[in-house]
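Examination of the molecular architecture
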Amino acid sequence: MRSSRLPVAVASILLGGISGDAGLPVPSPGCKSTPADVGWPSPNDWANFNLSVNGRLIATSPIALPCYQGPNYNPAACAALIPSWNDPTFRAQFPIGYSFSDLEPCDIITSAFNTTACSLGNNPVLAVDAATADHVSAAVLFAAQKNLRLSIKATGVDYLSRSTGFGSLEIWLRNMREGGMVLEIPYQPQQPCILPSGQPLWAGDSITINGSYTWSDVYSFAQSNGQIAVGPAYGGISAIGGYLQGGGHSAASAQYGLAADQLLEATVVLANGAQVTTSACQNPDLFAAIRGGGGGTFGIVTSVKVKSYPETPVAAVVFSMAALTGNDIPLFLDSITYLYQYFPWIIEAGLGGYAGWNLYDTQPMFGPAGPSFYLVMGAFNQTLAQVHATFDPIVAGLTPLNGVNLNLSVSYNYFPTYAGYFSSLFGTNIPASAGGIALTSRFLGAAHVSDPVPVRQMLNTTAGLPGQRTSRLAVLAGGLGVRAGASQSSGVNPAWRNAYVLDIVARRWEHTATAADVEAIHSDVTAVKGAALTALAPDTGSYPNEGDARDPTFLANFYGTALPMLEAAKAKYDPSGLFYCPTCVGSEFWSEDATGRLCHV
Ligand SMILES: Cc1cc2nc3c(=O)[nH]c(=O)nc-3n(C[C@H](O)[C@H](O)[C@H](O)COP(=O)(O)OP(=O)(O)OC[C@H]3O[C@@H](n4cnc5c(N)ncnc54)[C@H](O)[C@@H]3O)c2cc1C
């Protein structure tokens, strides 16, 4: 790992942060301090703080710094980085490593190495490599006392740049793995917790995750204990961070609900540094807020207990469809329209999963390069005959086009375990992007996909043009499992509960894109593609973790009718707005000034 634990006095000098120096700008009222400000902590302050976190304060530096001319230039070290550069799990090993290169302050652009300057960009200047909840508490208190901008990073895979921040102090959670994982059969609540109905909160099993493990870690643990954990398709995501707290869809969601619905208890470090337990019976308003209302907003979660389920067989269908020629693309889109109409019906028949499609992308979110459509769905505890009975008639409707306009393929597989299903059909290591990405998304209910005319119009507008690198993901998680979560205290946008499809549009750009190119892509995603999704389903909303970072109405779209409850929790648990992240609840009270400083509006 490149970032070194610098003596703090040296780090402070590097950062130019000497409190009280004449000539330093005085921060604007209501702005967080940056290293350029007179209010930035003194070397002595940093040294004392470093002692309080057992010497785990790090001066951050870009991963690719050795590739750039300057005192750190080191061609051999740079060459050693290149093979791993597109591996997001590699970048996650660094305090300022991110899955999307547009957040990386210095990219490895070519193997011929750069000669241009490399700096931290909009990223944290110092990080606490937190190993314990006490380190997290100390960092939270220090940031509050010194008026610092805080960033919280577990993995850095976030699509909306929410785990970084200009001039900030980062709480880096990757190495906080204090107490391992513990299986409870059945779940034992820390305090007795009986629902108003008289039922215990959860009569099944649970896994305690003590620290910022990834889902790959949790899947291994669950599998070795014959259990199923509800997590994402990509295992590099944090098991206690933004995914879980933002809602979290899964290949198991149609059966068991969203990841946030699995949360039984959590330990949270609050803005005043206190470590509290939260559950349906302890701090229930905070509990509801972190069950879908967003990471990085209400506090820092250091451990969780989540529901787990005994292993179960899964009967699966894999269906793919490709346009034979460019002239067949209209029929290809008609065929996708046809499939959209059946999605609610398929999900109500007990199947859940994902469908990815694209016309012209070479690195789509799911499935092969376009023009192609790729669907994987599984039914828990069903026979192959049952899945055939659901899916065969749908395929039959498209069969006349097979070999004429489309190339169709369908296969059915029975897996004795969910773990076998998941590892065979999902769970690949998705490459980091050599560039950036902009997303938009929308929840679609049965009524929104029943009429083929508006669906076809939406598909036409969102499919993308040649050269646009547009890809589409239909999250087919809904039905009974997701609806059931509505009855529990939840911060998830209630619009998700009645949806069958979370429809996602993504556009990527290369690292060579100009600022104007990137602006044009964002504008297209918001004003054209996002608008087309909204026109189809104006009464629903959007998924905050896979939504539009530039959505002008993000509060309504991301949080829906849960917003008043989330705002009340924010006001109660973080009244001064210490926990800021773009598009998070409370972020509307802050903006960055021309120098990048975060200021109260
Ligand atoms: C390749 C890929 C696949 C994905 N697949 C899925 C999927 O299958 N289902 C799905 O629902 N989403 C998926 N996502 C989106 C995912 O939910 C978000 O990227 C999510 O923000 C990741 O959370 P993280 O904590 O790992 O990321 P980070 O970038 O580390 O953090 C994201 C946010 O959470 C906050 N945070 C992190 N840890 C904590 C903590 N312990 N306490 C409080 N706040 C915290 C951060 O401050 C930030 O605001 C995917 C994303 C990618 C890039």
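As the structure is a prediction and not an experimental result, all values here were calculated from the model. (Residues numbered from 1 in each chain as written. Predicted model: local features only at pLDDT ≥ 70, side-chain atom pairs only at ≥ 80, totals over all residues. Heavy atoms only, no water.)

Some details on the pattern of salt bridges
One pass over the full model with this rule turns up 19 salt bridges. Residue R162 pairs with D158 through a salt bridge whose shortest N-O separation is 2.7 Å. Taking the relative accessible area as the measure of exposure, D158 reaches 18% and is therefore buried. Note that R472 is salt-bridged to D503, the shortest N-O span being 3.0 Å. Taken as a pair, R472 in strand β16 (residues 470-476) and D503 in strand β17 (residues 501-510) lie far apart in primary sequence, 31 residues in all. (Salt bridge = Lys/Arg side-chain N within 4 Å of Asp/Glu carboxyl O. Buried < 20%, exposed > 50% of the residue type's maximum accessible area, 1.4 Å probe, protein only. Helix = DSSP H or I, 4+ residues; strand = E, 2+ residues; numbered from the N terminus.)

A closer look at the state of the cysteines
Covalent bonding between the sulfur atoms of two cysteines is what defines a disulfide. Within the structure shown, the criterion is met by five disulfides. Across a sulfur-sulfur distance of 1.9 Å, C106 and C118 are joined as a disulfide pair. Judged by the torsion about the S-S bond (90°), the C106/C118 disulfide is right-handed. Linking C106 in the loop between α4 (88-91) and β2 (126-129) with C118 in the loop between α4 and β2, this pair joins segments that are twelve residues apart in sequence. Overall, C106 belongs to the buried group, its relative accessible area being 2%. A sulfur-sulfur distance of 2.2 Å marks the disulfide that ties C193 to C281. Where C193 bonds to C281 through sulfur, the torsion about that S-S bond is close to 90°, and the disulfide is right-handed. Placement of the pair is C193 in the loop between β5 (180-184) and β6 (205-210) and C281 in the loop between β9 (275-279) and α9 (284-290), with a sequence separation of 88 residues. Residue classification places C281 among the partly exposed residues on the basis of a relative accessible area of 35%. (Disulfide = S-S within 2.5 Å.)

Details of the site of the ligand
Every one of the 35 residues lining the ligand counts as a neighbour, but I152, T155, D158, S163 and Y543 are closest to it. Separating an oxygen atom of the ligand from a side-chain N or O atom of Y543 is a distance of 2.6 Å. Protein coverage of the free-state accessible area of the ligand, which is 960 Å², stands at 96%. Of all elements in the fold, only β3 (150-153), α7 (242-246) and β10 (300-310) reach the threshold of two or more residues within the shell around the ligand. Counting residues per element, the shell around the ligand draws most heavily on α7, at three residues. Here the shell around the ligand is composed, by residue class, of 18 nonpolar, 13 polar and four charged. (Near = heavy atom within 4 Å. Polar contact = N/O pair within 3.5 Å; in protein donor to acceptor, adjacent residues only side chain to side chain. Areas by Shrake-Rupley, 256 points an atom, 1.4 Å probe, with all protein chains shown as cover. Nonpolar A, V, L, I, M, F, W, Y, C, P; charged D, E, K, R; others polar.)

Considerations on the nonpolar core
Of all hydrophobic cores here, the largest spans 119 residues; its most connected members are F49, L169 and I209. No other element matches the six residues that helix α5 (residues 133-145) contributes to this core. Beyond its immediate sequence surroundings of up to four residues, F49 is in contact with L57, V128, A138, A139, F142 and L169. Grouped together as the second largest cluster of nonpolar side chains are 47 residues, L339, M458, L459 and L533 included. (Core = buried A, V, L, I, M, F, W, Y, C linked by side-chain atoms within 4.5 Å. Contact = heavy atoms within 4.5 Å.)

A short note on the sheet that holds strand β1 (residues 57-59)
Pairing is mixed across the open sheet formed by four strands, whose spatial order is β1-β2-β4-β3. Strands with a single pairing partner mark the edges of an open sheet, and in this sheet they are β1 and β3. The average undirected angle you get between the axes of adjacent strands in this sheet is 25°. Its contacts with the sheet place helix α2 (residues 43-52) against β1, β2 and β4 (169-172), and it is angled at close to 130° to β1. (Pairing = 2+ DSSP bridges. Axes fitted to C-alpha atoms, helices over the stretch in contact; angles between N-to-C directions.)

Section: the side chain of Q227
Structurally, Q227 is set in strand β7 (residues 227-228). Look at Q227 and you get buried, because its relative accessible area is 5%. In contact with Q227, other than residues within four places in its own chain, are L183, I185, D205, A222, S308, Y309, P310 and E311.

Describing the packing of helix α10 (residues 329-348) against helix α11 (residues 384-396)
Their axes nearest at 11 Å, the elements α10 and α11 cross at an angle of 165°. The angle between α10 and α11 falls in the class roughly antiparallel. Once α10 is placed against α11, the crossing between them reads as right-handed. Side by side, α10 and α11 meet where Y338, L339, Y342, W345 and I346 of the first sit next to T390, F391, P393 and I394 of the second. Looking at the contact of α10 with α11, its residues break down into eight nonpolar, one polar and no charged. (Parallel < 35°, antiparallel > 145°, perpendicular 65-115°, else oblique. Left-handed = near helix turned anticlockwise from the far one by under 90°.)

Quick notes on the domain arrangement of the protein chain
The domain boundaries assigned to the protein chain delineate domain 1 (8-172), domain 2 (180-311) and domain 3 (314-551). On a C-alpha basis, the centroid separation for the pair domain 1 and domain 3 is 36 Å. Opposite the 15 residues of domain 1 that make contact, domain 3 presents 20 residues. With both sides pooled, the region where domain 1 packs onto domain 3 buries about 1300 Å², and carbon together with sulfur makes up 56% of that total. In this structure, the connection of domain 1 to domain 3 is made through one residue pair in polar contact (both at pLDDT 80 or more). Here the residues of the side of domain 1 that touches domain 3 are counted per class, giving six nonpolar, four polar and five charged. (Domains from an automatic or database assignment. Buried area = accessible area lost by both parts, 1.4 Å probe.)

Focus on the pairing of β6
On a regular strand, one side chain projects to one face of the sheet and the next to the other, so that they alternate. Of all six residues in β6, five are buried; the element is thus mostly enclosed. Pairing of β6 with β10, which is carried by five bridges, proceeds in the antiparallel orientation. The partner of I209 across the bridge, within β10, is V304.

Section: α10
Helix length check: α10 (20 residues) gives 29 Å between terminal C-alpha atoms against 28 Å at 1.5 Å per residue, within 8%. At Y342, α10 shows its strongest bend, of approximately 40°, with the proline P344 following within four residues. (Expected span 1.5 Å × (residues − 1). Bend = angle between axes of the 7 residues up to and from the residue.)

Comments concerning the packing of helix α14 (residues 452-462) against helix α16 (residues 515-536)
Packed helices, taken two at a time, are described by their axes: the angle between them and the distance between them. Axis separation between α14 and α16 bottoms out at 9 Å; the angle between their running directions is 170°. With respect to α16, the axis of α14 lies roughly antiparallel. Together, P454, V455, M458, T461 and T462 of α14 and V528, K529, A532, L533 and L536 of α16 make up the contact between the two elements.

Side note on the packing of aromatic side chains
What characterises a pair of aromatic rings is the spacing of the ring centres plus the angle enclosed by the ring planes. Across all of its chains, the model carries 31 aromatic pairs by this definition. Here the guanidinium or amino end of R91 rests over the ring plane of W85, the centre of that ring lying 4.3 Å away. Across from the ring centre of Y98, 5.7 Å away, lies the NZ or CZ of K153, which sits over that ring. (Phe/Tyr/Trp six-rings, centres within 6.5 Å; stacked < 30°, edge-to-face > 60°. Lys NZ or Arg CZ within 6 Å of the ring centre and 35° of its normal.)

Overview of the environment of F373
Position of F373 among the secondary structure elements: in strand β13 (residues 372-380). Separated by 223 residues in the primary sequence, F373 and G596 place their C-alpha atoms 42 Å from one another. In contact with F373, not counting residues within four places along its chain, are F319, S320, M321, F332, I336, L339, F343, A355, G356 and W357.

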